Amino acid sequence: MGLSGWLLRWAAGHARPLLVPAGDGTRARLLAEAELARRRLRPAVSVAEAGLLVVCGTPGEELTEAVRTVWAGMPVPRARVDLPAGVSPRSVARAFDRAVARLADREAQWSDAAALAATPWTPTDEHGPMGGEHGSVGEGHRHGSEGGGGHSGGGEHEHHMGAPGGVPMAERGPDRDGLTLDRLHVPLGPVLPDWPCGLVVETVLQGDVIQEAAVRWVEPAESFWTEPWDEPSADRADRVAAGRLVTRGEAARRQAVARLDSLGRLLSVAGWPAAARRARTLRDLLFADAPPDAVARPYERFERQVRRSGTLRWMLRDIGPTPDGDTLSRLDGLLTRTRAAISSLGDNTTLGDGTPVDGGSPPVRNALDPGLLVGAELATARLIVAGLDPEPAVTRA
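By convention here, each chain's residues receive numbers from 1 onward along its written sequence. In view of the model being predicted, local features appear only for residues whose pLDDT reaches at least 70, and side-chain atom pairs are presented and counted only at 80 or more, with totals across whole chains, interfaces and linings using the full set of residues. Each side-chain value is derived from all of the structure's non-hydrogen atoms; neither hydrogens nor water enter the calculation.

Peer 1: How would you summarise the packing of aromatic side chains if you had to cite specific residues and measurements?
Peer 2: Pairs were defined over the aromatic rings of Phe, Tyr and Trp, the Trp ring being its six-membered one, requiring ring centres within 6.5 Å. Orientation was assigned from the angle between planes: stacked under 30 degrees, edge-to-face over 60, tilted for the rest. Applying the stated criterion across every chain, the model contains one aromatic pair. Each ring, one from Tyr-299 and one from Phe-302, has its centre 5.9 Å from the other, and the planes form 45 degrees; the classification is tilted. One end of the pair is Tyr-299 and the other is Phe-302, both in helix α9 (residues 293–307) and three residues apart, which spans about a single turn. For the residue pair Tyr-299 and Phe-302, the accessibility class agrees, reading buried in each case. The ring of Trp-71 carries the charged tip of Arg-78 above its face, separated from the ring centre by 4.1 Å. The numbering of helices and of strands both runs from the N terminus, where a helix is a DSSP run of H or I of at least 4 residues and a strand a run of E of at least 2. Exposure categories follow from relative accessible area, calculated using a 1.4 Å probe and restricted to protein chains: below 20% of the type maximum is buried, above 50% is exposed, and the middle band is partly exposed. Only Lys NZ and Arg CZ are tested; either one counts as a charge over a ring when it is within 6 Å of the ring centre and within 35 degrees of the ring normal.

Here it is as structure tokens:
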């Protein structure tokens, strides 16, 4: 076998996955994350350390181009897994088995490395896909006020230095204190760990502080979290006949899954991977229709642990209350509403009119106002985005 074969087999068993969800890929992403947790594979925090690229759903044109850019930047050994929207848990496990086998296949990896080395490097132009700082992948460098309102008004201060070799150089411009500093256009997304599906934030940075920001979405809004209570009440007879009348417990389960998913993302971005794994373990149990008793008590312990963390509260002190005017912080709101949803899991009262369990909005995410990011450091901006867990379209009751 030799040393190289042993190293390949070791790498295959410890590959770091990078997940890329498409607009229709939420269910596939949840199944993939549950399978990866079962295999004890830790997620990659950057493209450079990723060994598995997991594409969930069917990406659109721009996200497909971003995935192609990410794949080209991944080191060998590497493998790609494509999971369609309607994939089953068994198919997910088989897909990962094939990917691990390919990672351990010496001939396949040598062939991949040779093809990668033989591919000529062609620098992208200033409007093409490129990898930004901090592992981001987006549309690339833009001039002046192109591409969104977040860049408006900045053109008169900018002096463009060109993009030798396809890499944009820094510009010069005044910061908030009137000092002339370097300005760099950096897109965040659409491919980043623990990043909302299809989100791109076009930023203008001075140092690590965001001076301007514009938000756009490259994927359509998903309907996964709003099903089944977005079905019109006029169809109630048809749903009853088909045995699809939704109970409060079923709706509460979907809400709890959605909020535990958001908690896992927020805790992961905050740098607490152990707590993020616990949130996702509870999410996966609920998603697999575990009984309420199997989740309620573990969640109580998890909630107490998260609420006791002074470090986490200090980190989240600047990301503000919820956008709907709730006096609770975003973390407190997520924890409280998740507990309420879990406590309603056993309620078999039917919901024929689509009424949400807690009297509030269905478990969709929030809109992202780019003004929230202006003036924030990149690390704080990531926490703001994770705390909101935004979607391109928000429906409220």
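Still more to cover.
Peer 1: Got a sec to walk through the packing of α9 against helix α11 (residues 330–343)? Specific residues and values, please.
Peer 2: Between α9 and α11, whose axes approach to 11 Å, the crossing angle comes to 165 degrees. As summarised for this structure, α9 and α11 are arranged roughly antiparallel, according to the angle between their axes. Crossing angle aside, the handedness with which α9 passes α11 is left-handed. Between α9, through Val-295, Ala-296, Tyr-299, Phe-302, Glu-303, Val-306 and Arg-307, and α11, the contact on the second element is made entirely by Leu-331, Asp-332, Leu-334, Leu-335, Thr-336, Thr-338, Arg-339 and Ile-342. Put simply, Ala, Val, Leu, Ile, Met, Phe, Trp, Tyr, Cys and Pro go in the nonpolar bin, Asp, Glu, Lys and Arg in the charged bin, and everything else, Gly too, in the polar bin. Its residues assigned to classes, the contact of α9 with α11 comprises nine nonpolar, two polar and four charged. Orientation is described by axes fitted as lines to C-alpha atoms, over the contacting stretch for helices, and by angles from 0 to 180 degrees between their N-to-C directions. Note that the term roughly parallel is reserved for angles under 35 degrees, roughly antiparallel for angles over 145, roughly perpendicular for angles of 65 to 115, and oblique for everything else. Crossing handedness is read from the near helix: turned anticlockwise from the far helix by less than a right angle, it gives a left-handed crossing, and turned clockwise, a right-handed one. When checking whether two residues touch, look at their non-hydrogen atoms; a contact exists if any pair is within 4.5 Å.

Peer 1: For helix α1 (residues 2–13), give the residues involved together with the corresponding values.
Peer 2: Spacing of three or four residues puts side chains on the same side of an α-helix, whose turn is 3.6 residues. For a helix, the expected span equals 1.5 Å multiplied by the residue count minus one. The terminal C-alpha atoms of α1, which comprises twelve residues, lie 17 Å apart, in line with the 16 Å expected from a rise of 1.5 Å per residue. Turning to α1, its buried residues number three or more, namely Gly-5, Leu-8 and Ala-12. One side of α1 carries all its buried residues, which in axial view fall inside an arc of 60 degrees. The inward-facing, buried residues of α1 contact α4 (89–103) and α5 (106–118). By arc we mean the arc of the directions from the helix axis to the C-beta atoms, nothing more.

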